Amino acid sequence: LRIFTVVWGDNHLDWFERACIKSLCWPQNAHAIKDAIWTIFTKQKDLPRAKLLIEKTGVKNIEFAAISEGVQGNSPQMGAVLLQCLLTMMDASIGDGSKVLMAPPDTIFGEGTINSLLIAGNKKGTSVAVPHPRVSPSIFGGIKNAMSNAELVSLAVKHGHKEWTEAEDGHPNQNSF
């Protein structure tokens, strides 16, 4: 298993710690990733903090790759940087035949999810895609230890991201045709 994360900046590193890292440290998830290779793409200035966060997971096989310090926010080059990171990860996976788990900073994995994904994608050539709702950062206050997916979905509904909640039919800011 290869885990793939692109994260930089204090805001996203905070999310990484409060969401992704926290949920991957839950017992069943931690057990499922203990032998993984985790590649973190980050800016050089964020490397020390990223290393401290990853150490919490117990994963021993960690690779860090520097991304350009010049990439800011939603700049046009950000998409190109993200694509290059993804292509690098895909090449590594193809090279060693490993599965890839995308772990963006704001992703919260329900307890036991990683093992379930690995079982679902066990057959060679299988890809498992799991959509997740966008949520507001206010969700972090409600995250407990080792939450099930059902508990997380209930929490997500209470903390929906404005792009999700405003998409509701009849909402004044709804922009669908």
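Residues numbered from 1 in each chain as written. Predicted model: local features only at pLDDT ≥ 70, side-chain atom pairs only at ≥ 80, totals over all residues. Heavy atoms only, no water.

Here's the deal with unusual backbone geometry
The backbone of Ala146 sits at a positive phi, close to 45°, despite the residue not being glycine. In this structure, Ala146 sits in the loop between helix 5 (113–120) and helix 6 (149–158). With a relative accessible area of 35%, Ala146 lands in the partly exposed category. (Helix = DSSP H or I, 4+ residues; strand = E, 2+ residues; numbered from the N terminus. Buried < 20%, exposed > 50% of the residue type's maximum accessible area, 1.4 Å probe, protein only.)

Points about the pairing of strand 2 (residues 37–43)
The buried fraction of strand 2 amounts to six of the seven residues, a majority that puts the element mostly inside the structure. Note that strand 1 (residues 2–6) and strand 2 share five bridges and pair parallel. Bridge pairing links Ile3 to Trp38 in strand 2. Of the strand pairs in this sheet, strand 2 and strand 3 (residues 61–67) are connected by seven bridges, and their pairing is parallel. Bridge assignment links Thr39 to a residue of strand 3, and that residue is Glu63. A crossover links strand 2 with its parallel partner strand 3, the connecting element being helix 3 (residues 47–55), and its sense is right-handed. (Pairing = 2+ DSSP bridges. Right-handed = clockwise from strand over helix to strand, strands pointing away.)

Notes on the pattern of salt bridges
Tallied over the full model, the rule gives nine salt bridges. Lys34 serves as the salt-bridge partner of Asp35, at 3.1 Å between the closest nitrogen and oxygen. For Lys34, a relative accessible area of 37% gives the class partly exposed. For Lys45, the salt bridge goes to Asp46, with nearest N and O atoms at 3.7 Å. (Salt bridge = Lys/Arg side-chain N within 4 Å of Asp/Glu carboxyl O.)

Regarding the packing of helix 1 (residues 10–24) against helix 3
Helix 3 packs onto helix 1 with a crossing angle of 5° between their chain directions and a minimal axis gap of 11 Å. When the axes of helix 1 and helix 3 are compared, the pair comes out roughly parallel. Where helix 1 abuts helix 3, its residues Asp10, Leu13, Asp14, Phe16, Glu17 and Ile21 lie against Arg49, Ala50, Leu53 and Ile54. Residues belonging to the contact of helix 1 with helix 3 are distributed by class as follows: six nonpolar, no polar and four charged. (Axes fitted to C-alpha atoms, helices over the stretch in contact; angles between N-to-C directions. Parallel < 35°, antiparallel > 145°, perpendicular 65-115°, else oblique. Contact = heavy atoms within 4.5 Å. Nonpolar A, V, L, I, M, F, W, Y, C, P; charged D, E, K, R; others polar.)

Brief notes about helix 4 (residues 76–96)
Across its 21 residues, helix 4 extends 32 Å between first and last C-alpha, which sits within 8% of the 30 Å expected from 1.5 Å per residue. Buried within helix 4 are the following residues: Met78, Val81, Cys85, Met89 and Ser93. Each buried residue of helix 4 lies within a common arc of 110° when the element is viewed along its axis, so the set occupies one face. Helix 4 presents Pro76, Ala80, Asp91, Ile94 and Gly95 as exposed residues on the side facing more than 90 degrees away from its buried surface. On its buried side, helix 4 packs onto strand 1, strand 2, strand 3 and strand 4 (100–102). Looking one or two places after helix 4, you find Gly97, whose phi comes out positive at around 70°. (Expected span 1.5 Å × (residues − 1). Arc of directions from axis to C-beta.)

Concerning the confidence of the model for the protein
With 92% of its residues at a pLDDT of at least 70, the protein reaches an overall mean of 88. Looking at the elements of the protein, mean pLDDT is at its lowest for helix 7 (residues 162–165), recorded as 71, and at its highest for helix 2 (residues 27–33), recorded as 96. (pLDDT = per-residue confidence, 0-100.)

Re the environment of Lys34
Tracing the backbone shows Lys34 in the loop between helix 2 and strand 2. Remark: the alpha-carbon pair of Lys34 and Glu166, spanning 132 residues in sequence, is separated by 39 Å. With sequence-adjacent residues up to four places away left out, Lys34 is seen in contact with Val59 and Lys60. Among the polar contacts listed, one links the side chain of Lys34 to the side chain of Asp35, at a separation of 3.1 Å. (Polar contact = N/O pair within 3.5 Å; in protein donor to acceptor, adjacent residues only side chain to side chain.)

Digging into a nonpolar patch on the surface
On the surface, a nonpolar cluster with roughly 390 Å² of combined accessible area is contributed by Leu83, Leu87, Met90 and Ile94. In this fold, Leu83 is placed in helix 4. (Patch = residues over 30% accessible without salt bridge, like charges linked within 9 Å, V, L, I, M, F, W, Y side chains within 5 Å. Areas by Shrake-Rupley, 256 points an atom, 1.4 Å probe, with all protein chains shown as cover.)

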